[in-house]
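Listed here are the chains, written in short residue letters.
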Number of protein chains: 2
Amino acid sequence: MRIVIPLYEGFTALDVVGPYEVLRMLPGAEVVLAASAEGPVRDGVGALALTADATLDAIESCDILLVPGGPGSRRLVSDEGFAAWIRRMDAGTTWTTSVCTGSLLLGAAGLLRGLQATSHWSATDLLESFGATYTAERVVFQGKVVTAAGVSSGIDMALALVARIADRTTAEAIQLAIEYDPQPPFDSGSLAKAPEAARELLMSGRV
Amino acid sequence: MRIVIPLYEGFTALDVVGPYEVLRMLPGAEVVLAASAEGPVRDGVGALALTADATLDAIESCDILLVPGGPGSRRLVSDEGFAAWIRRMDAGTTWTTSVCTGSLLLGAAGLLRGLQATSHWSATDLLESFGATYTAERVVFQGKVVTAAGVSSGIDMALALVARIADRTTAEAIQLAIEYDPQPPFDSGSLAKAPEAARELLMSGRV
């Protein structure tokens, strides 16, 4: 089972690494991080770089495509070459998935027309501009297309995916391996739940 | 506020990237990934490499030290040079922290003697061999020493840390930014909660 995660300048690291830690444990999984060129690719902050071990062009096909989001995705939606690559991969996948604003890139490739989908809460209008209907759920399955909400949601998506690809016990074993028993100290993880002061602070750009 | 995360061959990527995505948003934060040499450092699976942008020797001091875990930590506990580096950093930190088996490395440096601490559930005996008392909590604060449980727990730790360093509203704003509203599809994230079949599958090494 070949899992390909494309990297691009300005991706968000947790979008990649959350589901990576789950999917890499699927029996038979081979994960490949790819980018336009091999070598380090910087995240949206610039303080972290993941290494691309293959070029996008060198990837013939994959079983699972996982497209991460990040600030850089807003530029990449206009990149015709990247959209064509996404479509080429999607033609051969069992699952085509995204985390956060990675769904914008699936949308730009024309893969979300007429589908329900999710994204980071800040990107819902742009998501819908690609013909999708935004759904405020953490993980949205539409046939083989699976979109997850912002950043940390990729962990939940990957566990749900493992249960479908293998079985529930495998997903539960992986959840135990990564000790995913989340206990956030606050309850501020969605627009609906976040206190007004937290929303205002975030929108102010001071955080 | 300088945050230093040491990388080593065989680290676990989510131990690094979970708290990274939270702490990088602290106002004034500067995060540095460091290793014995600059350049790519492979995780425990080998399918992912993060770039070290500085050498350990070049780091004079930091405000927050965050030591990740991973399969490689079991070798590194015998590395006197690394233990000495941890002690040198700890001498200047406001917070000395670890995720998963990163606590073994704090232990090997002598920083956990007489303290309560946590680690990945598979490493509790080794943790106690360094003079710590294992506590089955997700995040354990002991003065400036903070240890988190396995892999995914670093996100919870980082949010708790932000609340202490800045304030609760800042932590809530960051939680919203990364849409951390966890909804694991199963409830198998700890030894106490995991179904027996999942525990057995994991212990069998087939996952």
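Residues numbered from 1 in each chain as written. Chains lettered and ligands numbered in written order. Predicted model: local features only at pLDDT ≥ 70, side-chain atom pairs only at ≥ 80, totals over all residues. Heavy atoms only, no water.

Within an unreviewed UniProt entry, the label attached to chain A reads DJ-1/PfpI family protein, and the organism entered is Sphaerisporangium corydalis.

A separate point is the nonpolar core. By size, the foremost hydrophobic cluster in this structure holds 162 residues, and its most contacted members are Leu50 of chain A together with Leu50 of chain B. With near-sequence residues (within four places) excluded, leucine 50 of chain B lies in contact with Leu48, Ala49 and Leu50 of chain A together with Leu7, Phe11, Val16, Val17, Leu33, Gly39, Pro40 and Val41 of chain B. (Core = buried A, V, L, I, M, F, W, Y, C linked by side-chain atoms within 4.5 Å. Buried < 20%, exposed > 50% of the residue type's maximum accessible area, 1.4 Å probe, protein only. Contact = heavy atoms within 4.5 Å.)

Further remarks concern the packing of helix 6 (residues 153-165) of chain B against helix 7 (residues 168-177) of chain B. All names here are of chain B. Two numbers describe how helix 6 lies on helix 7: the axes approach to 6 Å, and their chain directions differ by 145°. Classified by chirality, the crossing of helix 7 by helix 6 is right-handed. Along its contact with helix 6, which presents Leu159, Val162 and Ala163, the element helix 7 presents Arg168, Thr170, Ala171, Ile174 and Gln175. Considering only residue class, the contact of helix 6 with helix 7 consists of 5 nonpolar, 2 polar and 1 charged. (Axes fitted to C-alpha atoms, helices over the stretch in contact; angles between N-to-C directions. Helix = DSSP H or I, 4+ residues; strand = E, 2+ residues; numbered from the N terminus. Left-handed = near helix turned anticlockwise from the far one by under 90°. Nonpolar A, V, L, I, M, F, W, Y, C, P; charged D, E, K, R; others polar.)

To continue, consider the interface of chain A and chain B. Listed per partner, the contact involves 69 residues of chain A and 69 residues of chain B. Both faces combined, the contact of chain A with chain B buries some 5,900 Å², and carbon together with sulfur accounts for 64% of it. In terms of surface lost to chain B, no three residues of chain A exceed Leu176, Glu179 and Phe186 of chain A, which account for 14% of the buried area on that side. Taken together, chain A and chain B are joined by 4 salt bridges. Note that lysine 193 of chain B and aspartate 181 of chain A form a salt bridge whose closest N and O atoms lie 2.6 Å from each other. One can count 38 residue pairs in polar contact (both at pLDDT 80 or more) joining chain A with chain B. For the side of chain A that touches chain B, the element with the most residues is helix 7 (residues 168-177) of chain A, which contributes 10 residues. (Buried area = accessible area lost by both parts, 1.4 Å probe. Salt bridge = Lys/Arg side-chain N within 4 Å of Asp/Glu carboxyl O. Polar contact = N/O pair within 3.5 Å; in protein donor to acceptor, adjacent residues only side chain to side chain.)

Its location among the elements puts alanine 194 of chain A in the loop between helix 7 and helix 8 (196-203). Among all residues touching alanine 194 of chain A, those that are not within four sequence positions of it are Asp187, Ser188 and Arg199 of chain A together with Leu176 of chain B.

Residue and element names in this part refer to chain B. Taken in spatial order, the 7 strands line up as 5-2-1-6-7-11-10 in an open sheet, and their pairing is mixed. Here the strands that pair on one side only, and so sit at the sheet edges, are strand 5 (54-55) and strand 10 (139-142). As paired elements, strand 7 (residues 95-99) and strand 11 (residues 145-148) share 4 bridges and run parallel to each other. Its bridge partner being in strand 11, threonine 96 is matched across the sheet by valine 145. The sheet strands contacting helix 3 (residues 80-90) are strand 1 (2-6), strand 6 (64-67) and strand 7, and the helix crosses strand 6 at an angle near 150°. (Pairing = 2+ DSSP bridges.)

With that settled, the discussion passes to the packing of aromatic side chains. Residue and element names in this part refer to chain A. Counted according to the given criterion, the structure contains 6 aromatic pairs over all chains. Three or more aromatic residues joined by ring pairs form one cluster here, namely Tyr8, Phe82 and Trp85. Over the ring of phenylalanine 141 we find arginine 164; its NZ or CZ atom is 3.6 Å from the centre of that ring. (Phe/Tyr/Trp six-rings, centres within 6.5 Å; stacked < 30°, edge-to-face > 60°. Lys NZ or Arg CZ within 6 Å of the ring centre and 35° of its normal.)

Turning our attention to the environment of arginine 74 of chain A. Residue and element names in this part refer to chain A. Tracing the sequence through the fold places arginine 74 in helix 2 (residues 73-76). Sequence separation between arginine 74 and leucine 126 is 52 residues; the distance between their C-alpha atoms is 9.3 Å. Not counting the four nearest positions on each side in its chain, arginine 74 is found in contact with Thr101, Leu104, Ser122, Ala123 and Leu126.

What follows concerns the packing of helix 1 (residues 13-23) of chain A against helix 6 (residues 153-165) of chain A. All names here are of chain A. At a minimum axis distance of 7 Å, the contact between helix 1 and helix 6 shows a crossing angle of 25°. By the criterion of interaxial angle, the relationship of helix 1 to helix 6 is roughly parallel. The element helix 1 and its partner helix 6 pack so that their crossing is right-handed. Residues Gly18, Pro19, Val22 and Leu23 of helix 1 form the contact with helix 6, whose own contacting residues are Gly154, Ile155, Ala158, Leu159, Leu161 and Val162. Residue composition of the contact of helix 1 with helix 6, grouped by class: 8 nonpolar, 2 polar and no charged. (Parallel < 35°, antiparallel > 145°, perpendicular 65-115°, else oblique.)

Looking now at the UniProt feature "domain: DJ-1/PfpI" (unreviewed entry) in chain A. As annotated in UniProt, the feature "domain: DJ-1/PfpI" (unreviewed entry) corresponds to residues 1-163 of chain A in the numbering used here. Summarising residues 1-163 of chain A: 31% helix, 26% strand, and an end-to-end C-alpha distance of 15 Å. (UniProt positions renumbered as here; feature names shortened; annotations may be inferred.)

With that settled, the discussion passes to the relation of the copies chain A and chain B. Least-squares fitting of chain A to chain B yields an RMSD of 0.0 Å, with the transformation described by 0.0 Å of translation along the axis and a rotation of 180°. Taken together, the turn and the small shift mark the pair as related by a two-fold rotation axis. Across chain A, the rotation axis passes nearest the C-alpha of leucine 50 of chain A, at a separation of 2.3 Å. Mapped onto chain B, 100% of the interface residues of chain A are again interface residues, and the two copies thus contact each other with one and the same surface. (Least-squares fit on C-alpha atoms with pLDDT ≥ 70 in both.)

Looking now at the pattern of salt bridges. Residue and element names in this part refer to chain A. One pass over the structure, following the stated rule, counts 16 salt bridges over all chains. Here glutamate 21 ties to arginine 24 by a salt bridge, and the two come within 2.5 Å at their closest N and O atoms. You can call glutamate 21 buried: its relative accessible area is 0%. One salt bridge connects aspartate 156 with arginine 138, and the closest N-O pair in it is separated by 2.6 Å.

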